[in-house]
Every structure is written in structure tokens, then in C-alpha cells.
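# Coordinate analysis (summary)
If you want the building blocks of each chain, they are given just below.
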Amino acid sequence: MRSIINWITGKWNSTPQMFIEEDILKIIFKINEDKLTICKKDILEKLDYPQDSIEKAIATLLFYNEISEDKEYFEIEEKGKKRAIKLIRKHRIYEKYLAEKTGFSKSNWHHKAEKKEHLLTDEQVDNMEKELGFPKFDPHGDPIPTKDGVLPKLKGKTLNLVTSSTVVKIIHMEDEPHEIYKSLIRKEIHMGSIMKVQKQSNGTIDYYTEGKHLKLSKKEAKNLQVVIIEQLDDIPMGVIRLTALKSNEKAIITGLSSECRGINRRRLLDLGFVKGTKISIGMVSPMQDPKAFLIRETLIALRKEQTDMILIKKLDHDTK
């Protein structure tokens with residue numbers, strides 16, 4: 001316990017061995033779930049810990065039969081699987097808590113949860129789950145393991161496996177590797193967005209979503225889990241983000257994105273950004289951000305991360 005307290009307060013330079021063991025278990029579990037193999041070299045590349053600390057943790061896990069080794073490849077055993085799923089549950093519930101109860105940017109949720117997951121007690125996790133209303137998914141769309149250790153399977157397929165001219169809905173954004181996740185955020189990919197795959201060629205995917213055309217690499221597309229939309233009636237025509245509204249245009253709010261949660265959602269609703277309300281741009285700052293929007297005869301300034309969460313339909317928009 002003393003080493004954990006010192007690690008939290010910064011008085012201890014090394015990471016507690018228990019944390020390293022848990023990180024190794026989580027990595028092996030996820031790799032095994034994907035029906036892939038993993039060896040010591042792979043673990044050393046994935047974790048930013050001293051090699052001797054990782055090797056010591058692996059030896060401990062082998063000794064206590066939490067993992068096994070066959071021809072240098074590791075497999076997670078039932079005992080280790082339970083421990084890994086418990087850690088994943090802590091991580092995903094805490095990410096959900098950050099999304100719903102704090103103002104942290106979504107680009108920071110994963111990093112903060114990676115640190116916090118090792119420190120949370122079972123009681124703290126259960127209390128957060130209750131406060132959140134027993135959510136089934138984290139903010140990225142990953143299923144949250146149950147208290148008794150059941151991890152539901154993720155539905156749908158990865159976007160890179162979808163054929164051209166198919167309409168899909170994003171149900172999950174993988175947050176690892178973090179560089180790819182940040183790239184998806186920069187390209188303004190959102191959970192719940194409807195997109196049409198235009199064509200696939202030369203390692204890229206052209207797609208149309210919310211009034212714009214963009215390109216994704218195969219690696220980026222592999223990090224997006226989607227479901228195919230069969231009924232055209234399920235496709236919202238002409239719906240875009242408020243960010244895309246121009247100074248000479250008027251629109252009507254169709255709702256808030258499912259990504260807009262907690263205090264941010266309540267604030268926007270309290271300010272009058274509700275379905276059916278007319279909106280236009282009243283003033284633009286020299287740097288283009290923030291912008292002031294005229295809504296119900298009141299000017300309200302919003303930054304881009306807020307306008308990205310507001311769905312609109314232009315009043316003069318020709319549906320495609």
C-alpha cells in the first residue's frame with residue numbers, strides 16, 4: 001500500500017509491480033480475444049516500463065498460473081482473465097464517468113482512465129456505475145463488463161470491411177493506438193454519425209457524412225466499428241453539425257449529438273439549444289473561434305468543440 005501511495009504522490013519513481021502485472025494481463029487478454037498470438041517481445045514494445053520490471057511481472061503471472069507459455073507465446077488463463085476483465089470494467093466505467101460528469105475533452109479520457117484504473121476500489125466503481133445509471137457501454141461504444149465478469153461481444157464490423165455504396169452508422173471508436181484515435185478526432189469523426197462509403201482505392205476510403213466528403217486510411221477505418229443501415233428511412237437527410245453553418249445561412253436545430261453528455265449537454269439545453277429552434281450566426285471572432293449564434297433573440301458564444309455537438313438542418317438545404 002505504501003508504494004502505491006508514494007507512486008500517486010510522486011515520491012516513488014517506479015510503477016508498483018501490481019500495475020505492471022495488470023497491464024500485461026489486459027494486453028494478453030485483448031490479443032487472445034482477437035485470436036492472435038503474443039510473445040515477450042510484443043509486450044516489451046507495447047509497455048513503457050523497464051525490461052526487468054516487465055520480465056519480473058511475467059514470471060510472477062506464470063508462477064501463479066494467470067498466464068501460460070507455449071513455444072514463447074503467451075495465453076491468458078481463467079484466473080488471469082477474471083483479473084483482466086475486472087481492470088477493463090474499471091477503465092470503461094471511469095471513462096464513462098469522465099464523459100458524463102466532467103468537462104474533460106474526449107481526447108483525454110483514455111489517458112486518464114489508464115492511470116486511474118489501477119487505483120479504483122470495487123466500491124468506488126460500483127458507486128460510479130450506480131450514479132451513471134448502470135450503463136452498458138463506455139463513451140467509445142465499448143461494452144462494459146458486468147460485475148460478475150461477463151464481457152459482452154461488440155456488434156457490427158470494422159469499416160475497412162464494408163463495401164462501397166454502403167450506408168453505415170458508427171457504433172464504436174477504438175481509442176488505441178492513441179495516434180490513430182487522435183487522427184479520427186481531428187477528422188471530426190463522431191460516435192453515432194451516419195456515413196456513406198463512396199469508394200475504396202489505394203489504401204484509402206472515401207466517404208460522405210454530414211454534408212462533407214473525407215478520406216480515411218485503412219488503419220483509421222479499422223478503428224471504427226459500424227452497423228449497416230438497411231432502411232433508407234433511418235438515414236437523417238441534410239443533418240450536419242452547427243460547425244458547418246456559414247454566416248449567411250439559417251438553420252433549425254434537430255438535436256444534440258449522442259456524444260454530448262453530462263454537464264455539457266445540460267448547459268446547452270439550458271441555453272436553448274433544443275430541437276426545433278431556429279439559429280444563425282450573429283458574430284464571428286477574428287480567429288473564427290468562438291462564434292456567437294443568434295438563438296431566441298439572444299447572442300450566445302460557443303467554441304468549436306461545442307458546435308460539433310449540435311445537429312442542425314439548413315432551412316434552405318436541398319436534400320440529396
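You'll find the structure just up there.
Going along each chain's sequence as written, the residues are numbered from 1 onward. Under the rules for a predicted model, residues below a pLDDT of 70 receive no local features and side-chain atom pairs below 80 are neither given nor counted, while totals for whole chains, interfaces and linings still include all residues. Excluded from the side-chain calculations are hydrogens and water; all other atoms, namely the structure's heavy atoms, are used.

## Quick look at the overall build of the chain
- To qualify as a helix, a DSSP run of H or I must reach at least 4 residues; to qualify as a strand, a run of E must reach at least 2; elements of each kind are numbered from the N terminus. Check the secondary structure of the chain and you find 11 helices and 14 strands.
- The contact rule is simple, with two residues in contact once any of their heavy atoms fall within 4.5 Å. Long-range contacts, defined here as pairs at least 24 residues apart, represent 64% of the contacts in the chain between residues at least 6 apart.
- Accessible area for the chain stands at about 18,100 Å²; split by element, carbon and sulfur atoms hold 51% of it.
- When charges are counted, Lys and Arg contribute as positive and Asp and Glu as negative, whereas His and the chain ends are disregarded. The atoms used to mark charge sites are NZ of Lys, CZ of Arg, CG of Asp and CD of Glu. Measuring between centres, the 57 positive side-chain charges of the chain sit 4 Å from its 49 negative side-chain charges. Computed with a 1.4 Å probe, the accessible areas rest on the Shrake-Rupley method; for each residue, only the protein chains presented here act as cover.

## Describing the sheet that holds strand E7 (residues 212-217)
- At least two bridges found by DSSP between two strands is the condition for calling them paired. Reading across the sheet, the 6 strands line up as E3-E8-E4-E5-E6-E7 and stay open at both edges, with antiparallel pairing between neighbours. The open sheet is flanked by strand E3 (157-158) and E7, the only strands paired with a single partner.
- Where E3 lies against strand E8 (residues 224-228), 2 bridges are found, and the strand directions are antiparallel. Note that in E8 the partner of Lys157 across the bridge is Val226.

## A closer look at unusual backbone geometry
- Cis geometry is adopted by the peptide bond preceding Pro177, which originates at Glu176 and carries an omega value of -5°.
- By secondary structure assignment, the location of Pro177 is in the loop between strand E4 (167-173) and helix H8 (178-186).
- Not every positive phi belongs to a glycine, and Lys35 is a case in point at roughly 65°.
- Given the relative accessible area of 74%, Lys35 is considered exposed. Relative accessibility decides the category of a residue: with a 1.4 Å probe and only protein chains considered, values under 20% of the type maximum give buried, values over 50% give exposed, and everything between is partly exposed.

## Some points on the pattern of salt bridges
- Salt bridge, as used here, is a side-chain nitrogen of Lys or Arg placed within 4 Å of a carboxyl oxygen of Asp or Glu. For the coordinates displayed, the defined rule picks out 18 salt bridges.
- Between Lys215 and Asp206 there is a salt bridge; the shortest N-O distance is 2.7 Å.
- Since its relative accessible area comes to 49%, Lys215 is described here as partly exposed.
- Between Asp308 and Lys304 there is a salt bridge, and its shortest N-O distance comes to 3.0 Å.
- Judged by its relative accessible area of 8%, Asp308 is buried.
- Connected through shared salt-bridge partners, Arg89, Asp126, Glu129 and Lys147 make up one network.

## With respect to the packing of helix H5 (residues 78-101) against helix H6 (residues 106-116)
- Two elements in contact, H5 and H6, have axes separated by 9 Å at closest approach and are oriented at 135°. The pairing of H5 with H6 is recorded here as oblique in orientation. Where H5 crosses over H6, the two elements pack in a sense that is right-handed. Here His91, Tyr94, Glu95, Leu98 and Ala99 of H5 come into contact with H6, specifically with Trp109, His110, Lys112, Ala113, Glu114 and Lys116.
- When residues are grouped by polarity, Ala, Val, Leu, Ile, Met, Phe, Trp, Tyr, Cys and Pro land in nonpolar, Asp, Glu, Lys and Arg in charged, and all others, Gly among them, in polar. When grouped by side-chain class, the residues that make up the contact of H5 with H6 number 5 nonpolar, 2 polar and 4 charged. In this analysis, axes come from line fits to C-alpha atoms, helices being fitted only over the stretch in contact, and the angle between any two N-to-C directions falls in the range 0 to 180 degrees. Working definition: roughly parallel below 35 degrees, roughly antiparallel above 145 degrees, roughly perpendicular at 65 to 115 degrees, and oblique for all remaining angles. Each helix crossing is assigned a hand: it is left-handed if the near helix lies turned anticlockwise from the far helix by less than a right angle, otherwise right-handed if that turn is clockwise.

## What to know about the packing of helix H2 (residues 17-33) against H5
- Between H2 and H5, the shortest axis-to-axis distance is 9 Å and the interhelical angle comes to 100°. Considering their axes alone, H2 and H5 lie roughly perpendicular with respect to each other. When H2 is examined against H5, the residues Met18, Glu21, Glu22, Asp23, Leu25, Lys26, Phe29 and Lys30 are found in contact with a partner set consisting of Gly80, Lys81, Arg83, Ala84, Ile85, Leu87, Ile88 and His91.
- In terms of residue class, the contact of H2 with H5 is built from 7 nonpolar, 2 polar and 7 charged.

## Regarding a negative patch on the surface
- What makes a patch is a set of residues exposed beyond 30% relative accessible area and free of salt bridges, joined within 9 Å when like-charged and within 5 Å when nonpolar (Val, Leu, Ile, Met, Phe, Trp, Tyr). Together, Glu69, Asp70, Glu72, Glu75, Glu77 and Glu78 make up a negatively charged patch on the protein surface.
- Topologically, Glu69 is positioned in strand E1 (residues 67-70).

## Considerations on the packing of aromatic side chains
- Within 6.5 Å between ring centres, the rings of Phe, Tyr and Trp (the latter by its six-membered ring) count as paired, and their orientation is classed by plane angle as stacked under 30 degrees, edge-to-face over 60, tilted in between. Counted by the stated rule, this structure contains 1 aromatic pair.
- Here the aromatic rings of Phe63 and Tyr64 are separated by 5.0 Å at their centres, their planes lie at 90°, and the arrangement is edge-to-face.
- Here, a charge over a ring is recorded when the distance from Lys NZ or Arg CZ to the ring centre is within 6 Å and its angle to the ring normal is within 35 degrees. The ring of Phe104 has Lys112 sitting right over it, with the charged end atom 4.3 Å from the ring centre.

## A closer look at the sheet that holds strand E11 (residues 278-284)
- Spatially, E9-E14-E10-E11-E12-E13 is the arrangement adopted by the 6 strands of the open sheet, whose pairing is antiparallel. Only two strands of the sheet have a single partner each, and these edge strands are strand E9 (239-241) and strand E13 (298-302). The average angle at which neighbouring strand axes cross in this sheet is 45°, direction not considered.
- Across 3 bridges, E9 lies against strand E14 (residues 310-314) in antiparallel orientation.

## Points about the nonpolar core
- To qualify as a nonpolar core, a set must consist of buried Ala, Val, Leu, Ile, Met, Phe, Trp, Tyr and Cys residues joined through side-chain atoms within 4.5 Å. Ile24, Ile28, Ile43 and Ile67 are the most contacted members of the largest nonpolar core, which totals 20 residues.
- Listed by contribution, the elements that provide at least two residues to this core are H2, helix H4 (51-63), strand E2 (73-76) and H5.
- Top contributing element to this core by residue count: H2, with 7 residues.
- Core analysis: the second largest hydrophobic core is formed by 18 residues, Leu256, Leu302, Met309 and Ile312 among them.

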